[in-house]
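Spelled out from the first residue to the last, the chains are:
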Amino acid sequence: APVRISTVHNPFEDATIRFTGHGYVNEVSWDLRDVPRWKDEADGGDKEFLPPPPDVLDLGSVPVGEEASVTFYITNTAKEPIRFSFPETFPAPFTGCLRVAPSVGHVHPGGRKAITFTFQPTEKMKESAQLSAAIASIAYEGEPEEWDDTMRVAAFDAKSPSLSRLGTRVASSEDMVAVDSGKKVARRA
């Protein structure tokens, strides 16, 4: 739609401007706002923070044998839950020195899930690689549950209130507890 802009006390400077634009919604987005980005020391940067670019995850300089981690978020603004997954192995030269947790998980509508990349170089390198993640809409049978591959199930012995073992199999227990990053959620088997 055109917009007419008028200059006060000067009718010769009036202008008609036509504005156009398209609105869109990212149903799934990668939120890197909390990820620090360092100025490149070659550019005279002195370890000063810059806003992150929308599509680059830079873990900085990491001494061989040590590790650095960075956490970002996947946000789901769609009306359906989504499933995300990262590759089981990363491309060379990052094979064996890059980990992601969780590497597979679900994000509910309106939800957000933290994802942590950990880089532990085994040799001197200055490389970059493009990583892909698979995203798919999913449907649940029954009640949707929070899930990712970092969650574990703990089983209690029916005769003892103490924790008897960790694992995915439950022997003679009626009570199960899902453990997610130290939080316990009671659940009936």
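Rules used in this analysis
- Along each chain, residues carry numbers from 1 onward, in the same order as the chain's sequence is written.
- The model is predicted, so local features are restricted to residues of pLDDT at least 70 and side-chain atom pairs to those at 80 or more, both for listing and for counting; the totals for chains, interfaces and linings are taken over all residues.
- Each side-chain value is worked out from all heavy atoms of the structure, with water and hydrogens disregarded.
- The helix count covers DSSP runs of H or I at least four residues long, the strand count covers runs of E at least two residues long, and both are numbered beginning at the N terminus.
- Categorising residues by exposure relies on relative accessible area from a 1.4 Å probe, with only protein chains included: less than 20% of the type maximum marks a residue as buried, more than 50% marks it as exposed, and the intermediate range marks it as partly exposed.
- Pairs of N or O atoms within 3.5 Å make up the polar contacts considered here, provided that, within protein, one atom can donate a hydrogen while the other can accept it, and that residues adjacent in sequence are counted only when both atoms are side-chain atoms.
- Patches draw on residues past 30% relative accessible area with no salt bridge. Two like charges within 9 Å are joined, as are two nonpolar side chains (Val, Leu, Ile, Met, Phe, Trp, Tyr) within 5 Å.
- Per-residue and other accessible areas follow the Shrake-Rupley method at a 1.4 Å probe size, with only the shown protein chains counted as cover for residues.
- Salt bridges, as used here, are contacts in which a Lys or Arg side-chain nitrogen is within 4 Å of a carboxyl oxygen on Asp or Glu.
- Put simply, a nonpolar core is a bunch of buried Ala, Val, Leu, Ile, Met, Phe, Trp, Tyr and Cys residues held in one set by side-chain atoms that sit within 4.5 Å of each other.
- Any two residues having at least one pair of non-hydrogen atoms within 4.5 Å are treated as being in contact.
- For two strands to pair, DSSP has to find at least two bridges joining them.
- In this analysis an axis means a line fitted to C-alpha atoms, helices contributing only their contacting stretch, and an angle means the value between N-to-C directions, from 0 to 180 degrees.

Turning our attention to the environment of Thr71. By the element assignment, Thr71 lies in strand β6 (residues 68-76). Here Thr71 falls in the partly exposed class, since its relative accessible area comes to 31%. Taking the C-alpha atoms as reference, Thr71 lies 6.4 Å from Phe117; in sequence the two are 46 residues apart. Here Thr116 takes part through its side chain, which lies 2.8 Å from a polar atom of the side chain of Thr71.

Judged by side-chain polarity, Val3, Ile5, Ile17 and Phe19 come together as a nonpolar surface patch covering roughly 330 Å² of accessible area. Mapped onto the elements of the fold, Ile17 is located in strand β2 (residues 15-18).

Let us look at the nonpolar core. Ranked by internal contacts, the top residues of the largest apolar core, which has 19 residues, are Phe86, Leu98, Ile115, Phe117 and Phe119. Counting only elements with at least two residues in this core, the list comes to β6, β7 (82-85), β8 (98-101) and β10 (112-119). Sorting elements by how many residues they give to this core places β6 first, with four residues. Those residues within four positions of Ile115 in sequence are excluded, and the remaining contacts are Trp30, Val70, Thr71, Phe72, Ile74, Phe84, Phe86, Val100, Ala101 and Pro102.

Moving on to the sheet that holds β7. Read across the open sheet, the three strands follow the order β9-β7-β11; overall the sheet is antiparallel. Among the strands making up the open sheet, the edge pair consists of β9 (104-107) and β11 (134-137). For this sheet the average axis-to-axis angle between neighbouring strands, irrespective of direction, equals 20°. Here β7 runs beside β11; their pairing, made up of four bridges, is antiparallel. Within the sheet, the bridge partner assigned to Phe84 lies in β11 and is Ile135.

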